[in-house]
Amino acid sequence: MLTKVDASSVAADDLEITDLEFHHVAVAKSGGTVTFYLDGRAGTPRAYDPGFTFATGPAIGMRSDTVGNGFYGAVDELGVFDRALSAAEVRSLFEAGSAGRCLPPRPLAPGVVYGRRAGTTGSVWWFDPATGEERRLADGVRPRVSPEGRWLLFLRDKDPFANRGNLYVRDLQFGAERRVFTEGDYLAGAGFSADGTQIVFDHSCGIYRMNRDGSGVALAMPSSCFDDGPSVDPVTGRIAFHNVSAGQLGVANADGSDKRYLPASPLDEAWPVWSPDGEWIAAVAGEFYPTQQGAGNLIKVRPDGTGFLWLTTVTNANEGFYNGAAWMPDGQSLLAAGTVNGTNGVYVIAADGSGIRSRLNTPAGDPLDWVGAVIVAPDTTPPVLHLPDRLVTGCGTEAGTVVRFEVTATDDRAGPVRITCEPPSGSVLPPGTIWVACTATDAAGNVAHGEFPVTVLDSTTAPLPTLTSILPTESRATARRGSGCKGPTCSRWTNCGLVDCLSATWSTSIRRRFKPGPRPSRQGRTTSNSGGVVGPSPPCWRPLRSGRSPPLSRSRAVSYMRAAGRSSCMGPTCERTRRSGSASQRRTATRTSFVTSVWPPTAQA
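The structure presented is a predicted model; accordingly, all values stated were derived computationally and were not measured. (Residues numbered from 1 in each chain as written. Predicted model: local features only at pLDDT ≥ 70, side-chain atom pairs only at ≥ 80, totals over all residues. Heavy atoms only, no water.)

Trainee: If you had to explain the overall build of the protein to someone new, which residues and values would you point to?
Mentor: Secondary structure assignment for the protein yields two helices and 46 strands. Per-residue burial over the protein gives 41% buried out of 605 residues. Considering only residue pairs separated by 6 or more positions, the protein has 49% of its internal contacts joining residues 24 or more positions apart. Accessible area of the protein: about 31600 Å², with a carbon and sulfur share of 51%. (Helix = DSSP H or I, 4+ residues; strand = E, 2+ residues; numbered from the N terminus. Buried < 20%, exposed > 50% of the residue type's maximum accessible area, 1.4 Å probe, protein only. Contact = heavy atoms within 4.5 Å. Areas by Shrake-Rupley, 256 points an atom, 1.4 Å probe, with all protein chains shown as cover.)

Trainee: For the pattern of salt bridges, give the residues involved together with the corresponding values.
Mentor: Two side chains of opposite charge can pair, provided their charged atoms sit close to one another. One pass over the structure, following the stated rule, counts 15 salt bridges. Across the pair Asp 139 and Arg 136 runs a salt bridge, and its minimum N-O distance is 2.5 Å. Asp 139 sits in the partly exposed class, given a relative accessible area of 31%. One salt bridge connects Arg 302 with Glu 279, and the closest N-O pair in it is separated by 3.4 Å. Residue Arg 302 is located in the loop between β24 (297–301) and β25 (309–310), and its partner Glu 279 is located in the loop between β22 (269–274) and β23 (281–285); the two are separated by 23 residues in the primary sequence. (Salt bridge = Lys/Arg side-chain N within 4 Å of Asp/Glu carboxyl O.)

Trainee: Hey, could you go over the side chain of Thr 455 for me, with residue numbers and the actual values?
Mentor: With respect to the element layout, Thr 455 can be found in strand β38 (residues 447–458). When its relative accessible area of 9% is taken as the criterion, Thr 455 is described as buried. Only 2.7 Å separates the side chain of Thr 455 from the side chain of Thr 433, close enough to count as a polar contact. With residues near it in sequence (within four places) discarded, Thr 455 still touches Arg 390, Leu 391, Val 392, Thr 393, Gly 432 and Thr 433. (Polar contact = N/O pair within 3.5 Å; in protein donor to acceptor, adjacent residues only side chain to side chain.)

Trainee: Give a detailed account of the sheet that holds strand β12 (residues 164–171), specifying residues and quantitative values.
Mentor: One open sheet holds the four strands; their spatial order is β10-β11-β12-β13, and the pairing between them is antiparallel. The strands lining the two open edges of the sheet, one partner per strand, are β10 (141–145) and β13 (177–181). For this sheet, the mean inter-axis angle between neighbouring strands, taken without regard to orientation, is 30 degrees. Here strand β11 (residues 151–159) runs beside β12; their pairing, made up of seven bridges, is antiparallel. Bridge pairing links Trp 151 to Asp 171 in β12. (Pairing = 2+ DSSP bridges. Axes fitted to C-alpha atoms, helices over the stretch in contact; angles between N-to-C directions.)

Trainee: Residues and numbers for the pairing of β12, please.
Mentor: The side chains of a regular strand alternate between the sheet's two faces. Counting buried positions along β12 yields six of eight residues, so the element is predominantly enclosed. Two successive antiparallel strands, β11 and β12, enclose a turn made up of four residues, where Asn 163 displays a positive phi of approximately 65 degrees. Pairing analysis gives four bridges linking β12 to β13, with the strands arranged antiparallel. Residue pairing in the sheet places Leu 167 in a bridge with Phe 181 of β13. Counted between consecutive antiparallel strands, the loop separating β12 from β13 contains five residues, among which Gly 175 sits at a positive phi close to 85 degrees.

Trainee: Go over the state of the cysteines, please, and point to the residues and values.
Mentor: Enumeration over the complete set of coordinates arrives at two disulfides. Two residues, Cys 205 and Cys 225, share a disulfide whose sulfurs are 1.7 Å apart. Its torsion about the S-S bond being 90 degrees, the disulfide of Cys 205 and Cys 225 is classed as right-handed. Here Cys 225 lies in the loop between β17 (218–219) and β18 (227–232) and Cys 205 lies in the loop between β15 (198–203) and β16 (206–211), a separation of 20 residues in the sequence. A relative accessible area of 32% means that Cys 205 is categorised as partly exposed. (Disulfide = S-S within 2.5 Å.)

Trainee: Before we move on, can you summarise the nonpolar core with the specific residues and values?
Mentor: Counting 21 residues, the largest nonpolar core has Trp 271, Leu 298, Phe 321, Trp 327, Leu 334, Ala 336 and Ile 349 as its most contacted members. Listed by contribution, the elements that provide at least two residues to this core are β22, β23, β27 (333–340) and β28 (343–350). Ranked by size, the runner-up nonpolar core spans 15 residues in total, among them Val 141, Phe 181, Ala 190 and Phe 192. (Core = buried A, V, L, I, M, F, W, Y, C linked by side-chain atoms within 4.5 Å.)

Trainee: Give a detailed account of unusual backbone geometry, specifying residues and quantitative values.
Mentor: The peptide bond linking Glu 422 to Pro 423 adopts the cis configuration, its omega dihedral lying at 0 degrees. Along the chain, Pro 423 turns up in the loop between β35 (418–422) and β36 (427–429). In this structure, Asn 163 is a non-glycine residue whose phi angle is positive, near 65 degrees. For Asn 163, the location among the structural elements is in the loop between β11 and β12.

Rendered as structure tokens:
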């Protein structure tokens, strides 16, 4: 019903609700026509235009003057538009469900989220280095921002700088915040999981995890009263933390297993934070709180305790970066709030150990003491796949052959890239040509697709191998008496690298005449021309005689290659052993490397 109080009204008598469930109801007034909608379905349009005047504000569900005569029920997801919606628009709102009334997520714009220290309260700010704009987000300390940039986590109430504050989450889209955990005995810091749905935090004698709304609190790892300041690896979900008593960093798996401490050092390392690719942990090396004994410098170390590297070398007492740092998304630098040579600010620090690069142009105000997040524009660029142009393999069986290949990908953001191919490398592929389809997915969910052909040649129909050249590398071997080798040394040339079932023509760079070596036996072993067992990798070629010989003729070369094509020899070298008399008279020929062609030749691609 649409009514002018104490004057007139119009109702949708052709639409009716007969249950106690929620329904989608809409009223559109365009000029003198009113249309009612129920669950996206329009009723009969009604003529109604009494001329509205307002002595009080309009109301929905009750009289606006007395706030009485309300209907029984509840109104949810209320919306008022500045024009009459069409029937199609009302229908689309109904079909969209809650998404039709809820605003889309609006993460923080690119910038830096940091904390300022003022008394025992503290404040959290967003800052854009490009424009110099600064905006206050909340009252609190030690802020962290969820990976997608919507949720802000911080400590407030009591004395948070002394690790006695309650834990809050603020929705940066709508500005609503709620206390998700009440501190009962010591709470130093917290951070989000890689997907932003959970919070990992320290409290009293343990490190815990819970859902973002504060439900489902559970111990995250075996407890210790001095483990604090947890940080979650964005790649694997591992948890890094510091131990206040021992001054050590610690690491545990995402499920809390394999909890271990990194090698002890006298540096009192604290406030660990993972690099975007999960390969490094940055931390502050100094007292847990500023003291007169020295400065708080930053270090980085691998999760297994190796690769320790100093990132800063501040020397003045009470200066440095006592609350750690935040990684830039590219993993090449970090941002840290602190004081250097008497100047407080947010500093850009190189991750390769080359020191402080610059200081941000932050506005004047309370001292900056904490960088909680670096927000960048959303990653919408997919990774780049690097695929083979074409793969050809041969000498398989009727069932096919095992095909292995390498596919890589690069991305413009730090973080893992997952590569999958179908069929995967190492699969047995049948003779013929198939296309391998590959995808690469980066940490933001962007996907790249690509494919390449793989041809498996049937050994019974494969073309003749291509030999572009033979480049013998002769090594010397002292011959024993009775071997038949003239002179103090002799050499043997072998050729087993050409049997690849691939390609087409001979070059004329062969400078020796060859004859076929021994043939394979039925058992797969090799017998010499005289019957002796000489090795597992036939056939080979050797010189008919030493000294100069004319180039091998094309017809003879082709016949040798045909013989080779029927063999199972696949290796680049072959070793032949000649039995002649007793074992003491045995002589092993030398090995020789050869250069063969690359498939496919341009003319046959």
